[in-house]
Amino acid sequence: MSLFSRLFRKAPSSSPAPAPQPVPSEKGKKAQPKAGAADRALAAAAEEGALQAAIEARDVQAVARLVVAGTSTKVRQAAAEAIDDPEVLRQLIRDVRGGNDKSVYKILTAKRDVLLEQARKLEQLQTGIVASSRALERHSQRPYDALYGPRLDQFVIDWEAVQAQADAELRGKVQQWIDQSREVVAEHRRQVEAQAAREQAAASAAEEARLLREQQAQASAEAAAEQARLRDEQKRALAEQQKAERDAVREIDELIRKARGALNGGSTSRAAGLRRSLEEKLAGAEPLPAHLASQIQQLDKQIEELKDWKSFSVAPKRTELMEEMESLIGAELDPQALADRIKGLQEEWRTLSKGAGENLDADWQRFQEASQKAYQPCVEYFAAQALVREENLQRRAALLARLVAFEAGCNWEQPDWRVVINTLREIKQEWRLCGPVENQAGRQQQKEFSALATSLQGRLDAEYARNVAQKEALIERARQLLASDDGRKAIDAAKELQQKWRSVGPVPREADQRLWGEFRQHCDAVFQRREQESAAFAAGLEANKAQAIALCEQIESIAALEGAELQARAGTLDELRNAFEAIGELPRADTRELRNRLDRGLDRCKKALASQRARDAERSWGDLFEAANRVRAFGLSRVQGLGAEQADASKSAAEDYMASVQRWPRGGLEALRQALAAEPSADLAANETALKMLCIRAEMLTDTPTPAEDQALRREYQLQRLVQRLEQGLRDDEQQLDALALEWVAAGPVDEAVYASLLQRFRRSREQAHSSR
């Protein structure tokens, strides 16, 4: 079955197809009787039924035929609504373009636009699915870096936006890639945690090893010192023992003399103290000589006599101290002040008790019990203070460990000095707040902390020194910019130095302020000099602007020319454009407008040249049509048998006119010569129909409306062309207006009035094509 048969849903026949009937002439059409209303209703109902059947059978060709050849607007619109195939839609749009049924054209173009938009969205969706899945696949194969996690999150978000439209197999693969990527992130996190644990363990092990080495070294030093001390003491012991025996007698004699002097001065307490010192000496000494023993007995007798006399004056004071101590029991005083007052009373008691000589046990017992009861609140207070000191000691130990770990874990090849500064400052502040502590335990901690803080501060001071040197070098470079002759380069260099200044590491605050003030002073001087140069630069820009405007005006004057003068002056456009490009820099605010003006002027010149060429070309086509009219007159004279003389005159007029024209369209002169030499067709009606078909083809190419009396002829031609395209794949661009014009020349002769009307209609299509360009 042929494509033509499939289109019209007819079975092929074994007999030869009947020859196509000739298109009736206008006179023949007028002779046919008009169909009645009933016949039209039946035809419309039949077409609607055929359309419904074709739609139900999904017969796209039959529906397409009704779009073009349907007799009623309703059927053509319904058929157009039923077309969904994009290729058929595009073919039908080309076929109905320029016809009178604009509603069918709008329906077809609207459905085409909807299908195109759906296809575009589907293509975008598929592109997004492919791009997102490929991005996740590539990401799952990449090694971990700093941006791995954020990129994975963004890729997952992109995928989640399109995964619902992806197939199940691809979704499974993408999920595997996502899981692999997340496992890479998790593995990196585990490695980081393991590395941190190893570094912490290494720091702890290093600290324990250091402490152990220090303890071992200290123990070894102490053992060696102890051995040396024992040897020295053994040497000194014998000499000291001998000397001690000699000195003991002298000291005892001296103590007896001093005690007598104290008694003579009335100082019982000092004499008693000396007597106790004398007793201590006697405990470890050899038996005394007789005269010394006698002197001691006399000293004891004198001390007792003096104590008896003082007891009458000391007793009231002791009573006062006991009562004052008892008054402190339950007193609402600050624990520290209470402890100080109790200590003061005890000191006074000991002072009174020196050399008293009488039995003070009862008073002392009373005073001591009162002291213990009064001191009870202080016990709890100082116990709490001891806990605070212990806690502070532990907090300092934690800070020390933290500082040790920080020093061990810091990458000193590329340290973050801001972190070092902040950490050292914070730990120092916290260390000062962790006080007071026990002196003995805190002394070693303070020593270690000071050594470690000094080490870190030394590193920081070295970095400060390097950064200060860098900033001083930048200051020197900024100072040298003042001697630069190129102000713009100096400005750019100053900005670059400012960027480098920001990238330099930290320096002490006071030094930073001083250095910044000096650096800013030099940069400000560079900028101020640039302002002075800007005025001269602005004047140069204005001069360039004036030159550019003059060039634009010359180009615009060329665009206003016509004819030969336009062609002659067009040769200078490249020179004017090169001169504009060579001007140099223009004011920033005017650069775009001036360049746009240049482009507009050049475009106007280009359009003027194109228009001039089009006018010249159209003039040549006008000459062709005039010559074709003269050839038509020659042919008509031959067909009508007007005589050889008149035919020769018409031929001579055509040949003379052809000889007077200097420029013809391509192939035009050859077509005229062939038409002049060919035997003219005597069927004037067929010739008229051929010219009408050329008009219809030109109107279809240019979307020009066809007169109502030729609409049926146009639909018949559209249907024939549709069948040819479906069977042979013809394209619209195979029939161009110029080719149609050459066919026009070869058409047979018609009457003058008919020819003039058709020629006007044909040339109107050409004008429509030129105006739409």
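Just so it is clear, the model here is predicted, and its values are computed rather than measured.

Parameters and conventions
Residues numbered from 1 in each chain as written. Predicted model: local features only at pLDDT ≥ 70, side-chain atom pairs only at ≥ 80, totals over all residues. Heavy atoms only, no water. Helix = DSSP H or I, 4+ residues; strand = E, 2+ residues; numbered from the N terminus. Contact = heavy atoms within 4.5 Å. Areas by Shrake-Rupley, 256 points an atom, 1.4 Å probe, with all protein chains shown as cover. Axes fitted to C-alpha atoms, helices over the stretch in contact; angles between N-to-C directions. Parallel < 35°, antiparallel > 145°, perpendicular 65-115°, else oblique. Left-handed = near helix turned anticlockwise from the far one by under 90°. Nonpolar A, V, L, I, M, F, W, Y, C, P; charged D, E, K, R; others polar. Phe/Tyr/Trp six-rings, centres within 6.5 Å; stacked < 30°, edge-to-face > 60°. Buried < 20%, exposed > 50% of the residue type's maximum accessible area, 1.4 Å probe, protein only. Salt bridge = Lys/Arg side-chain N within 4 Å of Asp/Glu carboxyl O.

## Digging into the overall build of the protein chain
Argument step 1. Within the protein chain one finds 26 helices and zero strands.
Argument step 2. Restricting to contacts in the protein chain with at least 6 residues of sequence separation, those with at least 24 account for 73%.
Argument step 3. When the accessible surface of the protein chain is summed, it comes to about 47300 Å², and 51% of that surface belongs to carbon and sulfur atoms.

## Looking at the packing of helix α13 (residues 361–409) against helix α15 (residues 439–480)
Two numbers describe a pair of packed helices, the interaxial angle and the distance between the axes.
Argument step 1. Packing of α13 against α15 leaves a shortest axis separation of 10 Å and a crossing angle of 30°. Overall, the two elements α13 and α15 adopt an arrangement that is roughly parallel. The two elements α13 and α15 meet at a crossing, and its hand is left-handed. Here Leu393, Arg396, Ala397, Leu400, Leu403, Val404 and Glu407 of α13 lie close against α15, whose contacting residues are Ala441, Gly442, Gln445, Gln446, Glu448, Phe449, Leu452, Ala453, Ser455, Leu456 and Arg459.
Argument step 2. The class makeup of the residues in the contact of α13 with α15 is ten nonpolar, four polar and four charged.

## Here's the deal with the packing of aromatic side chains
Argument step 1. On inspection of all chains with the given rule, the structure shows ten aromatic pairs.
Argument step 2. Aromatic side chains tryptophan 516 and phenylalanine 519 sit 5.9 Å apart centroid to centroid with 40° between the ring planes, which places their arrangement in the tilted category. Taken together, the positions of tryptophan 516 and phenylalanine 519, both in helix α17 (residues 509–559) and three residues apart, correspond to about one turn of that helix.
Argument step 3. The class for phenylalanine 519 is buried, based on a relative accessible area of 0%.
Argument step 4. When the centroid spacing of 5.8 Å and the interplanar angle of 45° are considered together, the rings of tryptophan 744 and tyrosine 755 count as tilted. Taken together, the residues span a long stretch of sequence, with tryptophan 744 in helix α25 (residues 737–746) and tyrosine 755 in helix α26 (residues 752–771) at a distance of eleven residues.

## Observations regarding the pattern of salt bridges
Argument step 1. Within the structure shown, the criterion is met by 33 salt bridges.
Argument step 2. For the salt bridge of arginine 466 with glutamate 463, the shortest nitrogen-to-oxygen distance reads 2.6 Å. With arginine 466 and glutamate 463 both in helix α15 and three residues apart, the pair spans about one turn of that helix.
Argument step 3. A residue is classified by how much of its surface remains accessible, and glutamate 463, at 9% relative accessible area, is buried.
Argument step 4. Note that lysine 692 is salt-bridged to glutamate 688, the shortest N-O span being 3.7 Å. Residue lysine 692 and its partner glutamate 688 are both found in helix α23 (residues 684–701); the two are separated by four residues, about one turn of the helix.
Argument step 5. Its relative accessible area of 12% is what places lysine 692 among the buried residues.
Argument step 6. Members of the salt-bridge network, linked through shared partners, are Glu688, Lys692, Glu699, Asp710 and Arg761.

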